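Observations on the three-dimensional arrangement
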Amino acid sequence: MRFSRLYAPTSKEAPTGAVLASHIYLSRAGFISQVASGLYNYLPLGKRVLKKIETIIHEEMANVYAQEVELSFVTPMELWEESGRADKFGKELLRFKDRKDNSFVLGPTHEEMMVNIIRNKINSYKQLPINVYQIKTKFRDEARPRFGIMRGREFLMKDAYSFHSSTEDLDREFEVMEATYKTIISRLGLDFRVVEADSGSIGGSGSKELMVIANSGEDTLAVCDSCEYGSNIEIYMDLDEKDDEAEAPAYTNIIDLKGDDNCPKCSGKLSLTKGIEVGHIFKLGTTYTKPLGCTYLDENGKSQDMIMGTYGMGVSRLMAAVIEQNNDDKGCIWTASTAPYTVNILISNIKDEEQMAYAENLYEELNSQGVEVIIDDRKERFGFKMKDAELIGFPYTVIVGKNLVNGTVQIAPRQAEEKTEVAKEELLSHLSELLK
């Protein structure tokens, strides 16, 4: 890509009322633009990042034999009435009628719709288990949409649904999906925890949240310094309110952490941190299959309700979470797997024929090697272009400048303060080492 052809309207001004780094920098760097409260357009750079996140999700879901579908964004209200969730979900559920006075909703989640495509089509235990998923726009009419794409009304979500003939098989798939989600978030280069969670309006017998560690997170987590253990503080509060004699997990004794609390899983110490929920997985059981009549015939030919699990992941929220965890006062710092372009070739003076020729040859060579590269060939000052490079957050900027006459160029890693001087003949091999 050529910067002179790229649509990335950068700005020095933060959006009005923006407080989170992701909201400020994704807007200023031209990744997103606001349409209305809680509604955003994704511009070319933003779309590239989303596609990278989606690609990783698709690859990992294929590894566990999940099959992709795409369901209608518009859902008949009668499905929500069948499940009994039409009244429970509240005003976040956007309802409307068509010209024939039929009632519909804009899908905030798709449990009912997914059950609807499975029921009456899978009839035998021999056809189970099955796991189907989609990456789809969702809509929730948030009372106070805020924080940019972190909590918008319209958002991109990956939602998977599994169907089983036993709770034991659901437990197995739940563990598979937990491991898959952990792999996805690890590949995105994020620090995270899996924590015990409340099932909320989705329902079911148990759930876990995947939390990206960030000071800007809305959830407070108790995490261990020696193992992967973590739990949402809200769970502690809920359990603490129960009868003292009620059976509860061991972590109910750490509501008020004082720095000397032990992890219930190991001998490590617990501490409080903030987290951003980017995934939530649920053991639904028959919460939706029973009222919607989703059944199968067991080994004895007897009709049974299917056992169900659901597994959500916020794709657009993951994009914001990367920047919440990786930013500085200059702008975005993308992880290797999420950067819109890996290498930015910045031509200091496009009127200099030698600089132009070297930069163009480098651009073609990197392209031929499959490196995601952009060349800044704009008629702008060096300082302006460098600030854009830092704001957008390219992992590596190659500066082709006045030292080219002496046989050198510079590499400016986004995460390092110092630039590295490299002989122009050695640049490609140097970049190859950096990009391994």
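Everything here concerns the structure above.
The notes below deal with the structure included here. (Residues numbered from 1 in each chain as written. Predicted model: local features only at pLDDT ≥ 70, side-chain atom pairs only at ≥ 80, totals over all residues. Heavy atoms only, no water.)

Helix and strand counts for the protein come out as ten helices and 23 strands. Taken over the C-alpha atoms alone, the protein extends approximately 80 × 60 × 45 Å along its principal axes. The long-range fraction of contacts in the protein, counting pairs at least 24 apart against all pairs at least 6 apart in sequence, stands at 68%. Carbon and sulfur atoms form 45% of the exposed surface of the protein, whose accessible area is close to 20,700 Å². (Helix = DSSP H or I, 4+ residues; strand = E, 2+ residues; numbered from the N terminus. Contact = heavy atoms within 4.5 Å. Areas by Shrake-Rupley, 256 points an atom, 1.4 Å probe, with all protein chains shown as cover.)

What follows concerns the packing of aromatic side chains. Any pair of aromatic rings gets described here by the distance separating the centres and the angle formed by the planes. In total, this model carries four aromatic pairs according to the counting rule given. When the ring of Phe-31 is compared with that of Trp-334, the centres are 5.2 Å apart and the planes differ by 45°; the resulting orientation is tilted. A residue pair is termed long-range when its members are at least 10 positions apart, and Phe-31 in the loop between helix H1 (21-28) and strand E1 (32-36) and Trp-334 in the loop between strand E18 (331-332) and strand E19 (343-347) qualify at 303 residues. The same class applies to Phe-31 and to Trp-334, which are both buried. Between Trp-80 and Phe-89, the aromatic rings sit 5.4 Å apart at their centres with planes inclined by 90°, giving edge-to-face as the arrangement. The ring of Phe-174 carries Lys-283 above its face, with NZ or CZ at 5.0 Å from the centroid. It is Arg-378 that lies over the ring of Phe-3; its NZ or CZ is 4.1 Å from the centre. (Phe/Tyr/Trp six-rings, centres within 6.5 Å; stacked < 30°, edge-to-face > 60°. Buried < 20%, exposed > 50% of the residue type's maximum accessible area, 1.4 Å probe, protein only. Lys NZ or Arg CZ within 6 Å of the ring centre and 35° of its normal.)

Along the chain, Lys-385 turns up in helix H9 (residues 382-392). Apart from residues lying up to four places away in sequence, Lys-385 is in contact with Leu-346, Ile-347, Ile-350, Asp-376, Arg-378 and Glu-380.

Another point: the packing of helix H8 (residues 353-368) against helix H10 (residues 427-434). Axis separation between H8 and H10 bottoms out at 12 Å; the angle between their running directions is 40°. With respect to each other, H8 and H10 are oriented oblique. The crossing of H8 and H10 is right-handed. Where H8 approaches H10, its residues Tyr-358, Leu-362, Glu-365 and Leu-366 are matched on the opposing element by Leu-427, Leu-428 and Leu-431. Classifying every residue of the contact of H8 with H10 by side-chain character gives six nonpolar, no polar and one charged. (Axes fitted to C-alpha atoms, helices over the stretch in contact; angles between N-to-C directions. Parallel < 35°, antiparallel > 145°, perpendicular 65-115°, else oblique. Left-handed = near helix turned anticlockwise from the far one by under 90°. Nonpolar A, V, L, I, M, F, W, Y, C, P; charged D, E, K, R; others polar.)

Counting 62 residues, the largest nonpolar core has Leu-26, Phe-31, Met-319 and Trp-334 as the members making the most contacts within it. Ignoring any residue separated from it by four or fewer positions in sequence, one finds Leu-26 in contact with Ala-21, Phe-31, Ile-32, Ile-149, Met-319, Ala-320, Ile-323, Cys-332 and Trp-334. (Core = buried A, V, L, I, M, F, W, Y, C linked by side-chain atoms within 4.5 Å.)

Glancing now at the sheet that holds strand E20 (residues 373-376). Across the sheet, five strands lie side by side as E20-E19-E21-E22-E23; this open sheet has mixed pairing. Strands at the two margins of the open sheet, each flanked by one partner only, are E20 and strand E23 (420-423). Direction aside, the axes of adjacent strands within the sheet are offset by 25° on average. Alignment of strand E21 (residues 396-400) against strand E22 (residues 408-413), held across four bridges, turns out to be antiparallel. Looking at E22, one finds that Ile-399 is bridged to Gln-410. Strands E19, E20, E21 and E22 of the sheet are contacted by H8, whose axis makes an angle of about 165° with E19. Contacting E21, E22 and E23, H10 runs over the sheet at an angle of about 15° to E22. (Pairing = 2+ DSSP bridges.)

Each α-helix turn comprises 3.6 residues. Residues three or four places apart therefore point the same way. The terminal C-alpha atoms of H8, which comprises 16 residues, lie 23 Å apart, in line with the 22 Å expected from a rise of 1.5 Å per residue. Taken together, the buried positions of H8 are Gln-355, Tyr-358, Ala-359, Leu-362, Tyr-363 and Leu-366. Buried positions in H8, seen along its axis, are confined to an arc of 135° and lie on one side of it. Opposite its buried face, H8 presents the exposed residues Glu-353, Asn-361 and Ser-368, each directed more than 90 degrees away. (Expected span 1.5 Å × (residues − 1). Arc of directions from axis to C-beta.)

With that settled, the discussion passes to the pattern of salt bridges. Within the structure shown, the criterion is met by 28 salt bridges. Close ionic contact of Lys-208 with Glu-178 constitutes a salt bridge, the shortest N to O distance being 3.1 Å. Here Glu-178 lies in helix H5 (residues 167-187) and Lys-208 lies in strand E10 (residues 206-213), a separation of 30 residues in the sequence. By relative accessible area, Lys-208 is classed as partly exposed at 21%. Note that Asp-305 and Lys-290 form a salt bridge whose closest N and O atoms lie 3.4 Å from each other. Here Asp-305, found in strand E15 (residues 303-305), pairs with Lys-290, found in the loop between strand E13 (270-285) and strand E14 (295-297); they are 15 residues apart in sequence, far enough to count as distant. Residue classification places Lys-290 among the exposed positions, given a relative accessible area of 53%. A network of salt bridges, in which partner residues are shared, links Glu-142, Arg-146, Arg-151 and Glu-218. (Salt bridge = Lys/Arg side-chain N within 4 Å of Asp/Glu carboxyl O.)

Along strand E16 (residues 307-314), eight of the eight residues are buried, which leaves the element largely enclosed by surrounding structure. Of the two faces of E16, the one holding Ile-307, Gly-309, Tyr-311 and Met-313 and the one holding Met-308, Thr-310, Gly-312 and Gly-314 are both buried throughout. Relative to E16, strand E8 (residues 154-164) is paired through eight bridges, and the arrangement is antiparallel. Residue Met-157 lies in a different strand from E16, and its bridge partner there is Gly-314. Bridge analysis of E13 against E16 gives six bridges, and the strand direction is antiparallel. Paired with Phe-282 across the bridge in E16 is Thr-310.

Listing the buried residues of H9 in full gives Lys-385, Met-386, Asp-388, Ala-389, Glu-390, Leu-391 and Ile-392. Trailing H9 by a residue or two, Gly-393 shows a phi angle of about 95°, which is positive.

Inspection of the secondary structure puts Lys-52 in helix H2 (residues 44-63). Residue Lys-52 is classed as buried on the basis of its relative accessible area of 13%. Setting aside residues up to four positions removed in sequence, Lys-52 forms contacts with Ser-337, Thr-338, Ala-339, Pro-340 and Glu-372.

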